[in-house]
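Here are the chains, one letter per residue:
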Amino acid sequence: MRKIFALLFLGLSLFSKAEEGMIIPTLLSAFESDMQAMGMKLSAEDIYHANNASIKDAVMHFGGGCTAEIVSSYGLLLTNHHCGFSQINFHSSLEKNYLKNGFWAKDFAEELPNEGLNATRMVRIEDVTSKVLAGTEGKPEAEIRQLILTNIALIKAQALKDTHFEADVKPFDFGNSYYLLVKEVFTDVRLVGAPPSTVGKFGGDTDNWVWPRHTGDFSIFRIYVGSNNKPADYNIANRPYQPIHHLPISLETRKEGDFTMVYGFPGTTEQHTISNKLAFIIEKERPARIQMRDISLGVMKPLMQKSELTTLQYASKQSRIANAWKKWIGQIDGLKRNDAISKKKAYEKRYQEMANSKPEWKEKYGSLVNQLNELSANYQAIDFAYSMYIEYAYYGAEVIKIARSLDGELNKADNFKSQSTIDSLKSKLLKASEGFFKNFDKSIDYEIFKQQTIAYLKLVDASLIPSILKEKTPEAFALYAYKKSIFPNQEKYNKFVSKLSEKSMKKLNKDPLFSLYKALTSNFREKVLPDLRSYYAKENALMKTYVAGKYEMFPNDKHWADANSTLRITYGKLEGSYPTDGIKYTPYTTLKGLIEKHNTGNPDFEVLPRMITLYGEKDYGEYAQDGELWVCFTGSNHTTGGNSGSPVISADGYLMGLNFDRSWESTMSDYMFDASRCRNITVDIRYVLWIIDKYAGAKHLVDEMTIIRN
């Protein structure tokens, strides 16, 4: 095992360039010289240091699924507009439509609290592989699992003793290594500012995942703490956080070839996926998920364009569904264009030949390629049923969501003998009902449900579908369910909750949509989940050895651990690309291009009149470069979901912009990175500041920041 770890680190240290890969910050010293050769003026310890202030202390995990960065000594946070979208939407109404018109707090008192939102600082990262695996050598598998859990519990307890921190121990490379992640979690995070959606979502679905891009994808929050500068739950007496480090803002001139570094919390990559599984994803799984989302979007979008109220109700839902939908379309296209399956098979052939070259390698690694491909083939029906269950039950009709929520609350409070328990539950459910039905349209939900049910029955093997969906035609069941159920009707739902008792559960169990939710859940747990768990357990065990074989047999190849929502660094250059024959993408866009898109009349390119006025005046202040206002730029940094909002950092450690997307050709990088095609997309910080200062008149926020000029 020690030999594998040594080879693992050796593989990391032999990178010639690191556009591909997401570096664990504690391993950064192995890349320092390469980064400096590309123009970086920082040291590895400037970027990550466990005990002293470093750039990592300004990088925050935002809301669990995005990244943000601290940009002032008063805890001011920048992240993407789409990362703060649900909070902006929550605070919006027809009277105060912050999505449409933007929001800018004039002072601390106007900043808006957000229940459940947090921002997390990484305190330190530590390789604890030897501690986690201590005592496991030669033990049976079941005993190993229990020992690992016990060791992890001890490691966390020791790390957290006498602190207010939290901790995780996560496996990397399918359990070939483990890292301790000590975190400081801030729970009072307030909305400070957001541009109108015509800036923050400019381009809509038309431009999503596409270059050239002109989206001002940013929003502003602030961390608040108790009097001791430590995390505290929301209290009006809390004060702005004084951070260990905040990022200076670069207004300096940019040029193609400049060093760029992205620092954030990338979600998931799957670079080791075997060829058979990748073919299944490209040819069956992704197209079916796209089809299910086509239905939802096809119902929502035309109605949103006709009604401001419907837009408010469905903007967040539409965004959540559309983001992955369009990404998958580009992902399939990119993988096919790059002949990904053939390349996977060629690598697997190389792996097999190398394994056969030595008896000890053949014994350890010789059968893995065949085993993994056969495993995928044997479990594809179950894998597909799981994906369709997620699309139908979690991303489909909202009535299933509220049924699931009610069931969850009832399971938590199963003692109906206590009146206080019943009263507390009623109050909680009625409050949740207000939020749900505020953003619910029965006719939209009914149409999504009906059309998705038709598709679900055609796509999924009949043996894996609950019987309740086979008793009536999809059209008849939808009509009956939406007429009889309490869930599409706020009055019926609230009446049921108000009379909640042990006796009323009998009525609930006869509700057609609650019965459907329960049937979907029990069907999944009985017919899909056992085989799915077996599949994942077998796959993970094989992958652990397969990846160890890569490190041992190919020590000079580029190796890096898949993204898993932990803090990572990737670096590259500010540069354009040549995605297809005859097409060259320039590395930046300008306000001129934004206005040209607006002039096409496409509703996704709508802007408010003030943008047109400011463009006409050409008052770019100190934010222009050579008379042009840059809006976005691209770089050769390897990013994925979770990197949204990540700081894009200059050679000197200054903030150049906010990462918010990849080009369509780049979405394949979750499975296969191509340095010639894959580009991350960044909103230039100078455009962000121009919007705050000139467009919104909120210069007091710019004045908080540390500005670096030419």
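These remarks concern the structure in this document.

Reading the values: the criteria
- Residues numbered from 1 in each chain as written.
- Predicted model: local features only at pLDDT ≥ 70, side-chain atom pairs only at ≥ 80, totals over all residues.
- Heavy atoms only, no water.
- Disulfide = S-S within 2.5 Å.
- Helix = DSSP H or I, 4+ residues; strand = E, 2+ residues; numbered from the N terminus.
- Buried < 20%, exposed > 50% of the residue type's maximum accessible area, 1.4 Å probe, protein only.
- Axes fitted to C-alpha atoms, helices over the stretch in contact; angles between N-to-C directions.
- Parallel < 35°, antiparallel > 145°, perpendicular 65-115°, else oblique.
- Contact = heavy atoms within 4.5 Å.
- Nonpolar A, V, L, I, M, F, W, Y, C, P; charged D, E, K, R; others polar.
- Core = buried A, V, L, I, M, F, W, Y, C linked by side-chain atoms within 4.5 Å.
- Phe/Tyr/Trp six-rings, centres within 6.5 Å; stacked < 30°, edge-to-face > 60°.
- Lys NZ or Arg CZ within 6 Å of the ring centre and 35° of its normal.
- Pairing = 2+ DSSP bridges.
- Salt bridge = Lys/Arg side-chain N within 4 Å of Asp/Glu carboxyl O.
- Expected span 1.5 Å × (residues − 1).
- Bend = angle between axes of the 7 residues up to and from the residue.
- Polar contact = N/O pair within 3.5 Å; in protein donor to acceptor, adjacent residues only side chain to side chain.

Points about the state of the cysteines
Part 1 of the reasoning: Summed over the entire model, instances satisfying the criterion amount to one disulfide.
Part 2 of the reasoning: The disulfide that involves Cys66 links it to Cys83, with 2.2 Å between the sulfurs. Taking the sign of the S-S torsion, -85° for the link of Cys66 and Cys83, the bridge is left-handed. With Cys66 in strand S2 (residues 66–70) and Cys83 in the loop between strand S3 (76–79) and helix H4 (85–90), this residue pair connects regions lying 17 residues apart in the sequence. The same class applies to Cys66 as to Cys83, namely buried.

A closer look at the packing of helix H12 (residues 340–355) against helix H14 (residues 368–378)
Part 1 of the reasoning: At a closest axis distance of 9 Å, the pairing of H12 and H14 adopts a crossing angle of 140°. In terms of orientation, H12 and H14 fall into the oblique class. The residues of H14 that touch H12, namely those facing Glu348, Tyr351 and Gln352, are Leu368, Val369 and Asn373.
Part 2 of the reasoning: A per-class count over the contact of H12 with H14 returns three nonpolar, two polar and one charged.

Remarks on the nonpolar core
Part 1 of the reasoning: Counting 184 residues, the largest nonpolar core has Phe487, Met611 and Tyr687 as its most contacted members.
Part 2 of the reasoning: Per-element accounting of this core gives the leading share, 13 residues, to helix H10 (residues 275–306).
Part 3 of the reasoning: In contact with Tyr687, other than residues within four places in its own chain, are Val199, Gly216, Leu591, Leu594, Met611, Leu629, Trp630 and Val631.
Part 4 of the reasoning: Listed in part, the 17 residues of the second largest apolar core include Trp361, Tyr365, Val369 and Leu542.

So, the packing of aromatic side chains
Part 1 of the reasoning: Evaluation of the coordinates by the stated rule reveals 32 aromatic pairs.
Part 2 of the reasoning: Between Tyr74 and Phe108, the ring centres sit 6.4 Å apart and the planes meet at 45°, which makes this aromatic pair tilted. Here the residue Tyr74 occupies a position in the loop between S2 and S3, and Phe108 occupies one in the loop between strand S4 (103–104) and strand S5 (112–113), the gap between them amounting to 34 residues.
Part 3 of the reasoning: According to the relative accessible area criterion, Tyr74 is partly exposed, its value standing at 44%.
Part 4 of the reasoning: One aromatic cluster is present, formed by Phe436, Phe437, Phe440, Phe487, Tyr493, Phe514 and Tyr517 through successive ring pairs.
Part 5 of the reasoning: One Lys or Arg, Lys438, reaches over the ring of Phe90 and ends 6.0 Å from the middle of that ring.
Part 6 of the reasoning: Its end group placed over the ring of Trp630, Arg686 keeps NZ or CZ at 5.1 Å from the ring centre.

Observations concerning the side chain of Ser577
Part 1 of the reasoning: Within the secondary structure, Ser577 sits in the loop between strand S14 (568–573) and strand S15 (588–590).
Part 2 of the reasoning: Residue class for Ser577 comes out buried when judged on its relative accessible area of 5%.

Description of the side chain of Thr120
Part 1 of the reasoning: By secondary structure assignment, the location of Thr120 is in strand S6 (residues 119–127).
Part 2 of the reasoning: The residues contacting Thr120, other than those within four sequence positions of it, are Val59, Met60, His61, Lys183, Glu184, Val185 and Phe265.

With respect to the environment of Leu372
Part 1 of the reasoning: Note on placement: Leu372 falls in helix H14.
Part 2 of the reasoning: Sequence separation between Leu372 and Asn276 is 96 residues, and the spatial gap between their C-alpha atoms is 8.3 Å.

Regarding the pairing of strand S13 (residues 259–264)
Part 1 of the reasoning: In terms of burial, S13 is a largely internal element, six of the six residues being buried.
Part 2 of the reasoning: The alternating pattern of S13 places Phe259, Met261 and Tyr263 on one face and Thr260, Val262 and Gly264 on the opposite face, and all of these are buried.
Part 3 of the reasoning: Direction of pairing for S13 relative to S14: antiparallel, over a ladder of six bridges. Each residue of the ladder has a partner; that of Tyr263, found in S14, is Ile569.
Part 4 of the reasoning: In the sheet, S13 pairs with strand S17 (residues 647–649) via two bridges, with the strands oriented antiparallel. When the sheet's bridge partners are listed, Met261 is paired in S17 with Ile649.

A short note on the environment of Cys632
Part 1 of the reasoning: Assignment of secondary structure puts Cys632 in strand S16 (residues 630–635).
Part 2 of the reasoning: Separated by 28 residues in the primary sequence, Cys632 and Phe660 have C-alpha atoms spaced 9.9 Å apart.
Part 3 of the reasoning: Those residues in contact with Cys632, other than ones at most four positions away along the chain, are Trp211, Arg213, His214, Thr215, Pro587, Tyr588, Thr589, Phe660, Ile681, Thr682, Val683 and Asp684.

Concerning unusual backbone geometry
Part 1 of the reasoning: With an omega of 10°, the peptide bond running from Trp211 to Pro212 counts as cis.
Part 2 of the reasoning: As for its position among the elements, Pro212 is in the loop between helix H9 (204–207) and strand S10 (219–225).
Part 3 of the reasoning: Backbone geometry at Phe174 places phi at a positive 60°, although glycine is not the residue there.
Part 4 of the reasoning: Mapped onto the fold, Phe174 is located in the loop between strand S7 (166–172) and strand S8 (177–186).
Part 5 of the reasoning: Given a relative accessible area of 26%, Phe174 falls into the partly exposed group.

Thoughts on the pattern of salt bridges
Part 1 of the reasoning: Under the counting rule described, the total for this entry stands at 39 salt bridges.
Part 2 of the reasoning: The partner of Asp557 in a salt bridge is Arg350, and the shortest N-O contact between them spans 3.1 Å. With a gap of 207 residues between them, Asp557 in the loop between helix H22 (512–553) and S14 and Arg350 in helix H12 connect regions that are remote in the sequence.
Part 3 of the reasoning: Assessed through its relative accessible area of 36%, Arg350 is described here as partly exposed.
Part 4 of the reasoning: With a closest N to O distance of 3.6 Å, Lys694 and Asp619 form a salt bridge.

A look at H22
Owing to its 3.6 residues per turn, the α-helix aligns residues three or four sequence positions apart on the same side.
Part 1 of the reasoning: Here H22 is 42 residues long and its end C-alpha atoms lie 57 Å apart, about the 62 Å a rise of 1.5 Å per residue gives.
Part 2 of the reasoning: Val528 marks the point of greatest bend in H22, at about 50°, and the proline Pro530 comes within the next four residues.
Part 3 of the reasoning: N-cap assignment for H22: the residue whose side-chain oxygen lies 3.0 Å from the backbone N of Leu513 is Asp511.

A closer look at helix H15 (residues 380–394)
Part 1 of the reasoning: Its 15 residues place the ends of H15 21 Å apart at the C-alpha level, agreeing with the 21 Å of an ideal helix rising 1.5 Å per residue.
Part 2 of the reasoning: By the criterion of burial, H15 is predominantly enclosed, with 11 of the 15 residues buried.
Part 3 of the reasoning: Those residues of H15 that fall on the buried side of the exposure criterion are Ile382, Asp383, Phe384, Ala385, Ser387, Met388, Tyr389, Ile390, Glu391, Tyr392 and Ala393.
Part 4 of the reasoning: Each element contacted by the buried residues of H15 is listed here: H10, helix H11 (308–337), helix H16 (398–412), helix H18 (442–459) and H22.

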